[in-house]
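# Structural characterization, general
What follows is the residue order along each chain.
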Amino acid sequence: MSILITGGAGFIGSHTCVEMLTAGYDVIVADNLYNSSIEALRRVEEITNKKVKLYEVDVCDKYALRTIFTENSIEAVIHFAGYKAVGESVEKPMMYYNNNLISTLSLIDVMNEFNVKNLVFSSSATVYAGDNSVPLTEDMKLGAINPYGKTKLFIEEILRDLCAANPDWCVALLRYFNPIGAHKSGLIGESPKGIPNNLMPYISQVAVGKLKRLNVFGDDYETRDGTGSRDYIHVVDLAKGHVKAMAWALKNTGCDAFNLGTGTGTTVLELRKAFMDATGMDVPYVIAPRRAGDLAEVYALPDKAEKVLNWKAELNIQDMCEDTWRWQKNNPSGYECSSKSK
Ligand code: UFG
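Residue numbers run consecutively from 1 along every chain, following the written order of its sequence. Since the coordinates come from a predicted model, pLDDT governs what is reported: local features require at least 70, and pairs of side-chain atoms require 80 or more to be given and counted, while whole-chain, interface and lining totals use all residues. Heavy atoms throughout the structure, all of them, feed into the side-chain values; hydrogens and water do not.

Our next topic: the packing of aromatic side chains. Under the pairing criterion, centres of Phe, Tyr and Trp rings, with the six-membered ring standing for Trp, must be within 6.5 Å; the plane angle then separates stacked pairs below 30 degrees from edge-to-face pairs above 60, leaving the rest tilted. Scanning the entire structure with this criterion turns up seven aromatic pairs. Seen from their ring centres, Tyr34 and Tyr83 are 4.9 Å apart, and the 50° between their planes marks the pair as tilted. With Tyr34 in the loop between strand S2 (26–30) and helix H2 (38–48) and Tyr83 in the loop between strand S4 (74–79) and helix H4 (86–91), this pair connects stretches of sequence that are 49 residues apart. Its relative accessible area of 39% is what places Tyr34 among the partly exposed residues. Ring geometry for Trp248 against Phe258: centres 5.3 Å apart, planes inclined by 80°, an arrangement best described as edge-to-face. Of this pair, Trp248 sits in helix H8 (residues 235–251) while Phe258 sits in strand S11 (residues 254–260); the two residues are ten residues apart in sequence, bridging distant segments of the chain. The residues Trp248 and Phe258 share a single accessibility class, namely buried. Put simply, the rings of Tyr34, Tyr83 and Tyr96 pair up and form one aromatic cluster. Both a distance and an angle decide whether a charge sits over a ring: NZ of Lys or CZ of Arg must be within 6 Å of the ring centre and within 35 degrees of the ring normal. The aromatic ring of Tyr63 is capped on one face by Arg66, whose charged end is 5.4 Å from the ring centroid. If you follow Arg290 out to its NZ or CZ, it ends over the ring of Tyr221, 4.0 Å from the centre. Only runs of H or I of at least four residues qualify as helices and only runs of E of at least two qualify as strands under DSSP, and these elements are numbered from the N terminus. Categorising residues by exposure relies on relative accessible area from a 1.4 Å probe, with only protein chains included: less than 20% of the type maximum marks a residue as buried, more than 50% marks it as exposed, and the intermediate range marks it as partly exposed.

Right, let's talk about the environment of Ile47 for a bit. Assignment of secondary structure puts Ile47 in helix H2. Counting along the chain gives 136 residues from Ile47 to His183, while the straight-line C-alpha distance between them is 9.4 Å.

Being near a molecule or strand, for a residue, comes down to having at least one heavy atom within 4 Å of it. Near the ligand lie 19 residues; those nearest to it are Asn198, Leu199, Asn215, Arg230 and Asp294. Nitrogen and oxygen atoms within 3.5 Å of one another constitute a polar contact, given that in protein one can donate a hydrogen and the other can accept it, and given that sequence-neighbouring residues count only through two side-chain atoms. The separation between an oxygen atom of the ligand and a polar side-chain atom of Asn178 is 3.0 Å. Backbone polar atom of Phe217 to an oxygen atom of the ligand: 2.9 Å apart, as the coordinates give it. Residue-level accessible areas treat just the shown protein chains as cover; the underlying method is Shrake-Rupley with a 1.4 Å probe. When the ligand sits alone it has 690 Å² of accessible area, and the protein chains cover 89% of it. Of all elements in the fold, only helix H7 (199–207) and strand S8 (214–217) reach the threshold of two or more residues within the shell around the ligand. Among the elements that take part in the shell around the ligand, S8 stands out by supplying four residues, more than any other. The class makeup of the residues in the shell around the ligand is nine nonpolar, seven polar and three charged. Ten residue types, Ala, Val, Leu, Ile, Met, Phe, Trp, Tyr, Cys and Pro, are classed as nonpolar, four, Asp, Glu, Lys and Arg, as charged, and the remainder, Gly among them, as polar.

Keep in mind these numbers describe shape, not what the thing actually does.
If you want it as structure tokens, here you go:
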């Protein structure tokens with residue numbers, strides 16, 4: 001029996017492949033390599049000394065999905081595949097709705113056809129409405145403000161309806177806070193195309209000399225130092241959360257949401273300083289205007305995941321910075337510098 005991981009060649013997907021393989025699962029990956037690299041999977045195999053079978057397919061393609069389910073005995077699915085850039089989603093909403101929703105609907109249909117009813121879905125803290133107080137708990141008001149976030153929210157709603165109507169299904173909705181860091185080996189990490197949108201890859205590209213300076217988006221928020229505060233979580237901790245969520249999904253029925261965060265907020269300037277302290281590198285910065293849509297402070301109450309899934313984040317900000325830097329300095333252009341990259 002195998003676990004199908006859609007988007008398994010991406011940042012969180014590749015780290016989850018490592019942890020699932022280490023936990024003893026067989027892993028099949030479906031990925032169209034649109035925003036990911038085949039080299040990541042080669043390195044997953046190097047880290048784990050185990051094989052990963054890749055289907056280079058689009059998850060919107062039901063025929064291709066049927067081939068995977070016909071050729072393999074799939075027990076359950078972890079669904080990562082999807083577009084994820086907030087800014088791009090505002091400019092090209094239909095691209096996001098078409099891809100993220102149709103891929104999920106196709107996947108559910110084919111899972112139903114093959115009687116596979118256990119799913120772990122890659123959701124996001126972005127599904128929470130902006131006027132909640134922090135820390136965020138799973139029962140708080142939902143309401144995304146950009147098309148990317150809305151695709152996550154709509155998919156959550158679809159999966160809740162699916163489980164309500166089909167009590168033999170089990171779905172874990174994992175609401176990630178801000179995943180950063182990289183595998184300790186320095187072999188896999190985040191490899192964004194073009195100029196990074198997110199803070200940590202931006203900081204590490206300044207440190208490695210690819211970008212000149214960090215733009216700090218606003219210093220007049222109501223936080224410790226005026227800069228935005230987020231709940232950064234090590235991607236390896238996050239990946240381990242998927243292993244626990246899969247164990248839960250294989251044993252239960254129904255649909256439930258879980259915050260995967262640390263429960264602690266770190267500001268932009270605190271993360272910059274932690275990175276410089278952990279790496280000895282300089283990260284020059286300027287204060288820039290606020291970025292549209294940003295909140296002052298976002299962090300999780302992760303107690304439900306601890307209680308129900310028996311999962312808790314273990315790595316701290318220093319680990320996140322050191323591991324990001326090991327990956328960045330060994331792979332200054334991400335997977336692009338590898339001859340086997342795609
Ligand atoms: N920031 C900067 N400069 C940058 C980039 C970011 O100052 O160059 C600041 C932001 O203003 C924010 C913080 O750093 O205060 C974190 O920003 P990120 O873009 O790294 O992360 P976000 O919290 O905005 O968004 C992330 C993911 C989304 C997800 C969301 C969930 O990118 O996909 O978390 O809360 F939806």
